[in-house]
Amino acid sequence: MLEQGWKDLLHLTAAAATFKDLSNDVIRHDSKWWDWYSLEAPESNEFPQGYHDLDPFECVCLVKCFRPDRVQHCVTQFVMAKIGEGYVQPPVLNFNHVLKMSGPRTPVVFILSPGADPAYSIFELAEVEGMAPPKLKYVSLGQGQGPIAASLLETGAARGLWVLLQNCHLLPKWLKTLEKILEKLDEKPHKDFRLWLTTDPTDAFPLGILQQSFKVVTEPPNGLKLNLRSTWSKITDDAMATCPNEAFQPVIYVLAFLHAVVQERRKFGKLGWNVPYDFNESDFRICFALLENYLTKQIENGDEDKPWNTLRYLVGEVHYGGRVTDFYDRRILNTYMQEYFGDFLFDSMQKFYFYKDAKVEYGTPNMNSTRDEYASFIESLPLLTGPEVFGLHSNAEIDYLNNSSTSLLANLIELQPRTVAGGGGATREETVGLVAADIISKIPKPFDMPRLRKIMPLPSPTQVVLLQELDHWNKLLTTMSGALKTLLRALKGEVGMSAMLEDLGTALFNGVLPSSWIKLTPQTEKTLGVWMDNYLRRQDQYSAWADAGIDPKVMWLSGLHIPATYLAAVVQTTCRAKKWALDKSTLMTKVTTMTSTDDIASSPEFGCYLIGLFLHGASWDITTSKLTKQLPKTLLEPLPILQVVPVERHRLKLQGMLPTPVYVTAQRRNAMGVGLVFEANLDSQNHNSHWVLQGVALTLE
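Residues numbered from 1 in each chain as written. Predicted model: local features only at pLDDT ≥ 70, side-chain atom pairs only at ≥ 80, totals over all residues. Heavy atoms only, no water.

**Focus: the overall build of the protein chain**
Stage number 1. Across its full length, the protein chain holds 26 helices and 18 strands.
Stage number 2. Burial analysis of the protein chain (701 residues in total) assigns 47% to the buried set.
Stage number 3. Of all intrachain contacts in the protein chain linking residues separated by at least 6 positions in sequence, the fraction that spans at least 24 positions is 71%.
Stage number 4. For the protein chain, the distance from the average position of its 68 positive side-chain charges to the average position of its 78 negative side-chain charges is 6 Å. (Helix = DSSP H or I, 4+ residues; strand = E, 2+ residues; numbered from the N terminus. Buried < 20%, exposed > 50% of the residue type's maximum accessible area, 1.4 Å probe, protein only. Contact = heavy atoms within 4.5 Å. Lys, Arg positive; Asp, Glu negative; His and termini not counted. Charge placed at Lys NZ, Arg CZ, Asp CG, Glu CD.)

Here's what the structure looks like:
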C-alpha cells in the first residue's frame, strides 16, 4: 500500500463507524488484504474480513485507500446503482437523426474531441440526401476567412444549400459576427438550408448560437478494435482495386493499424504522448493516397524493391509526423514506422505480428485476402486491448486510471460547497485560519543577500546559481508570509476580503497549492501538505549550501528552482578548469550503486552527484546496473544516486545506452516545450525501441 493510501485509511477509520476497526483488521490479517489488493479488479470481488454489506459509496472510499486506479470503475458502479446505466453509456451518433433534429433556423454544432472529425460523415450524408457539392459549401475558418464564410451563409440561406464551417474556434472574434448574421437569416431562410459548425470546446463560442442550435459531441471509437473497424469500414473495394501492387492491401491494413495505435496511445496520458495530438481521418486518407501512388509507381517502373525509406519518411515524418512537435514523441512515431513498415511484413519463414503473447495475437491476414476477409479478421480481434499491444507495460493502464481518478476527485473537491452547515465541526474559516497559521510558523527568515554577495565577491558558476536560487526563494518567502498574514486579518474582519485572498483561502481549504505561489515555485503536481514537506527540505539544502559556500556533496535536484542552470554551471566549471570549448562539451551520466547520501564521502572533483530522480516506464536492476522490466503495480521507483560528468562531445560513447529525458514532473513536457531538464543516458540490454515505446523517462518528483 502507498503511504498516502495508509493515511487515507486512517482517516477513513476515524471518520466512519463502519470502518472503525479497519486499520487493526488490515494489520492483523495483512495476507488476506494483500491477496485482495493484488486482484486485477478488486472492486468486483468480495472484500476481506466481513466487509460485505457496504453500500456503493463506502465501496468507493475503501477502494480509494488500496487501489486508487480502480476508483473510476467504482464511481461508474455507484452511478449505475443510484441513477441507472444510461448515465454511463455514451449514445451512438446517428447522422440521420441529427439531420431530423436540425432545420433552416436550427444549426448543428459539433463539439470536437481529439481524433474525431465529423466532416467526412457530413459529406457522406450530403451524398445520400442529394446535397453533395456544389450544393454543399464548406470552408475551414481561419485568418481572413470570415467574409468568405459570411458570403456562403447568405448564398446558402437564399438558395437552400448546406453550409459547413469547420474549426470555428480558430476565428473566435468573427463568431460574434456569425451570431448577428444568423439573427438576420432568421426571417425567411430556404427550407433546405442547413448550417453545420465544428468547433473545439472554447469559451469564446457565442451563447446565442449555442442556445438555438442542436449540439453534438463527437468522440473517436474507443478501443483499438473499434477504431480499426471504423477505419476499415470506410475503405471500398473500388479503392483497393486502384493499385496493381499485391503489397498494397497488406500495407494499407498496417497503416490502419498504425492509425488506431497512435490514436489509442493518447489515452495513456504522458506515457503515451507528451502532447495529445489530434490525429484524425484526414491523416489516414492522405497516407492512403500516398501509398497507392508510390506502390503503383513501383510496378510501373519495374522496381524490385519497395520504397520503404521514402514511405516511412512521408508517413512518419511528413503527414503523421507533421502534427508532432515534441522530439521524444517523434522518436516514438519513428520507432513505430521502423517496427511496422518493411519487407518483414511479407516474410514467409517468420510471420509478422504487431504483438503476440500466450493469450492474444495481433498479426495480419494472408496476403491474398479480400477486403471482406480483412474485415472478418478485424472482427476476430479482442474488444479490449491491453497496453502491451502499443509497446507499453501493463502498468501504463494503472497510471492512466490513477490520473483519471485524481482528476475526478480534484473536480469533486472544487464542486464542494464553500459554506459548512452546523454540525459541531470546524467552520471553513476556522480551518483556513488554522492552516494559514501553521504555514506561517514554518516560514523561515529570508536570506541576507547583501552579506552573501560580500562573502562571494567573485562567485564561481555554481555560486552564481546559488545566488539566483536564493533570490527566487526570498521572493517566495516574502509573498507567502505577506499573503497569509493578510488572509488572517481578513478572516478577523480587519481588512476586506479580496479576490486574491478568496482564492488563497479556497486553495488552503482544498489542500492545493495557491495559484499565486505556483508562479514563484518550480513546476509541481504535489498537494499542499506534501509540497510543504519539500518546502522545508529545500530550505535546509539552501541553508547548508549558503553556509558552506561550496556545492553539496550530493545535490537534491528537485530542490532547485531552475535545475537546468545548475547542470549548465557544472559543465562551465569543468570547461574553465580543463580549457574546453563550452559549446563542444556536454554531460555524461552514470547510475551508481549508492542509494543514500551517507554512502558518499565527498563530491567528485569534476561533475556532481544527483539524488531525487524517479524512473517511469521501467525498473532499475542495481545488481547489473541496467534497465529492466517494470515491477507489477509499481508505477515509479527512485533511481540510485546519479553521477554527472562533463565530457567533450566527441568523446561521448552511447552504445548500449538509452538517451532518457529527465522531466520536472510526471506531466513531462507540454506543447510549449516546458518541463525538460536534461537528457540522461541509462545502460540497457534491450534494443532502445523497446524502452522508447514504453515511454521510459526520469522525473524529479
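This is not the end of the story, as more comes after the structure.
**Brief notes about the side chain of Thr 231**
Stage number 1. By the secondary structure assignment, Thr 231 is in helix 11 (residues 224–233).
Stage number 2. Classification of Thr 231 as buried rests on a relative accessible area of 11%.
Stage number 3. Other than its neighbours up to four places away in sequence, Thr 231 contacts Ala 256, His 259 and Phe 284.

**Quick notes on the packing of aromatic side chains**
The way to describe two aromatic rings as a pair is by their centre distance and the angle between their planes.
Stage number 1. What the rule picks out here adds up to 39 aromatic pairs.
Stage number 2. Where Phe 110 meets Trp 196, the ring centres are 6.2 Å apart and the plane angle is 15°; that geometry is what we call stacked. In this pair, Phe 110 sits in strand 1 (residues 108–111) while Trp 196 sits in strand 4 (residues 194–199), placing the two residues 86 residues apart along the sequence.
Stage number 3. For Trp 196, a relative accessible area of 0% corresponds to the buried category.
Stage number 4. Three or more aromatic residues link up through ring pairs in this structure, and these residues are Trp 232, Tyr 253, Phe 257, Tyr 336, Tyr 340, Phe 344, Phe 352, Phe 354, Tyr 362, Tyr 374 and Phe 377.
Stage number 5. Residue placement shows Lys 351 over the ring face of Tyr 353; its charged tip is 5.7 Å from the ring centre. (Phe/Tyr/Trp six-rings, centres within 6.5 Å; stacked < 30°, edge-to-face > 60°. Lys NZ or Arg CZ within 6 Å of the ring centre and 35° of its normal.)

**Some thoughts on the environment of Leu 228**
Stage number 1. Summarising the element assignment, Leu 228 is placed in helix 11.
Stage number 2. Each C-alpha atom, one on Leu 228 and one on Ala 577, is 59 Å from the other, the two residues being 349 residues apart in sequence.
Stage number 3. Dropping the residues within four chain positions of it, Leu 228 is found in contact with Tyr 253, Ala 256, Phe 257, Ala 260, Ile 378 and Leu 381.

**Here we look at the packing of helix 3 (residues 30–37) against helix 4 (residues 56–66)**
In a packed pair of helices, the relevant descriptors are the angle between the two axes and the axis-to-axis distance.
Stage number 1. Running from N to C, helix 3 and helix 4 cross one another at 95°; their axes reach a closest spacing of 11 Å. In terms of axis orientation, helix 3 runs roughly perpendicular to helix 4. Packed against helix 3, whose contacting residues are Trp 33, Trp 36 and Tyr 37, the element helix 4 presents Leu 62, Val 63 and Phe 66 at the interface. (Axes fitted to C-alpha atoms, helices over the stretch in contact; angles between N-to-C directions. Parallel < 35°, antiparallel > 145°, perpendicular 65-115°, else oblique.)

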